[in-house]
Amino acid sequence: METELMRIGVSLPDTLLGKFDEIIENRGYSSRSEGIRDAIRSYISYYEWMNDINGHLVGTIAFIYNHTKRGLSNSLTDIQHHYSHLIKSSMYVYLDHEDCFEVVVLEGEGKEIAELAEAMMAFKGVKFSKLITMESNEISDLSIENVNQYF
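Residues numbered from 1 in each chain as written. Predicted model: local features only at pLDDT ≥ 70, side-chain atom pairs only at ≥ 80, totals over all residues. Heavy atoms only, no water.

1. Things to note about the overall build of the chain
Part 1: Counting its secondary structure elements, the chain contains 6 helices and 4 strands.
Part 2: For the chain, the α and β elements follow one another from N to C terminus as α-α-β-α-β-β-α-β-α-α.
Part 3: Out of the 151 residues in the chain, the part that is buried amounts to 24%.
Part 4: In the chain, once contacts between residues fewer than 6 apart in sequence are set aside, the share between residues at least 24 apart is 69%. (Helix = DSSP H or I, 4+ residues; strand = E, 2+ residues; numbered from the N terminus. Buried < 20%, exposed > 50% of the residue type's maximum accessible area, 1.4 Å probe, protein only. Contact = heavy atoms within 4.5 Å.)

In structure tokens:
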């Protein structure tokens, strides 16, 4: 079965394209197009995974954002307040003059955790975000009593 290929144009900053070119060379891709197709497949897979998150979960959202971007810090705070029932803790670190790294620890319904992660990553000025989740019953066996039996 032959798939029709579509041509698209993408505008990227020089630094981002340079990093991408290094990666595709190191990974042995034959072209940028092959690397872009692989990256898009990975993005689609992550998106589908996020849409299938459910049940009672614990997790983290880690993200880097430009704290000098007007209104971004307030917007991120507002969305976190909206989902405050999920947030157990958060920490942020100033990386440089522009960038902050924040980690938010969560517990609650998976669909809501995914909604929060999607809302945060959608803001312009959020440069990177990563959601990691685990079913809370997977960690129930990690109680102090169970861990102590190994020592």
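2. Brief notes about the pairing of strand β3 (residues 99–109)
Part 1: Sheet topology places strand β1 (residues 56–66) next to β3; 11 bridges connect them, and they run antiparallel. Bridging across to β3, Val-58 finds its partner in Glu-107.
Part 2: Where strand β2 (residues 87–94) and β3 come together, 7 bridges link them in antiparallel fashion. The residue of β3 that forms the bridge with Val-93 is Phe-101.
Part 3: Between β2 and the antiparallel strand that follows it, β3, lie 4 residues. (Pairing = 2+ DSSP bridges.)

3. Section: the side chain of Asn-66
Part 1: When you line up the elements, Asn-66 lands in strand β1.
Part 2: Accessibility expressed as a relative area gives 14% for Asn-66, which makes it buried.
Part 3: At a separation of 2.5 Å, a polar atom in the side chain of Asn-66 contacts the side chain of Thr-68. (Polar contact = N/O pair within 3.5 Å; in protein donor to acceptor, adjacent residues only side chain to side chain.)

4. Considering the confidence of the model for the chain
Part 1: Across the chain, the average pLDDT comes to 88, with 89% of residues at or above 70.
Part 2: Per-element averaging of pLDDT across the chain places helix α6 (residues 144–148) at the bottom with 50 and β3 at the top with 96. (pLDDT = per-residue confidence, 0-100.)

5. Side note on the side chain of Gln-80
Part 1: As for its placement among the helices and strands, Gln-80 is situated in helix α3 (residues 72–82).
Part 2: Given the relative accessible area of 11%, Gln-80 is considered buried.
Part 3: For Gln-80, the side chain forms a polar contact with the side chain of Glu-102, separated by 3.3 Å.

6. Things to note about the packing of helix α1 (residues 14–27) against helix α2 (residues 32–51)
Part 1: Two numbers describe how α1 lies on α2: the axes approach to 10 Å, and their chain directions differ by 95°. By the angle class used here, α1 and α2 are roughly perpendicular. Contact residues: α1 offers Leu-17, Phe-20, Asp-21, Ile-24 and Arg-27, while α2 offers Arg-32, Gly-35, Ile-36 and Asp-38.
Part 2: Of the residues that constitute the contact of α1 with α2, the class distribution is 4 nonpolar, 1 polar and 4 charged. (Axes fitted to C-alpha atoms, helices over the stretch in contact; angles between N-to-C directions. Parallel < 35°, antiparallel > 145°, perpendicular 65-115°, else oblique. Nonpolar A, V, L, I, M, F, W, Y, C, P; charged D, E, K, R; others polar.)

7. Observations regarding the nonpolar core
Part 1: Formed by 21 residues in total, the largest nonpolar core has its most connected members in Ile-61, Phe-63 and Met-120.
Part 2: Within the residue set of this core, elements represented by two or more residues are β1, α3, β3, α4 (110–121) and β4 (126–135).
Part 3: With 5 residues, α4 is the single largest residue contributor to this core.
Part 4: Beyond its immediate chain neighbours, meaning those up to four positions away, Ile-61 contacts Glu-102, Val-103, Val-104, Leu-106, Leu-116, Ala-117, Met-120, Lys-130 and Leu-131. (Core = buried A, V, L, I, M, F, W, Y, C linked by side-chain atoms within 4.5 Å.)

8. Re the sheet that holds β1
Part 1: Strands sit in the order β2-β3-β1-β4 across an open sheet of 4 strands; the sheet is antiparallel. Edge positions in the sheet fall to β2 and β4, since each of these pairs with one other strand and no more. Neighbour-to-neighbour, the strand axes of this sheet turn through a mean angle of 10°, independent of strand direction.
Part 2: Of the strands in this sheet, β1, β2, β3 and β4 touch α3, which is tilted by about 170° from β1.
Part 3: Packing of α4 onto the sheet brings it into contact with β1, β2, β3 and β4, and relative to β3 it is tilted by some 160°.

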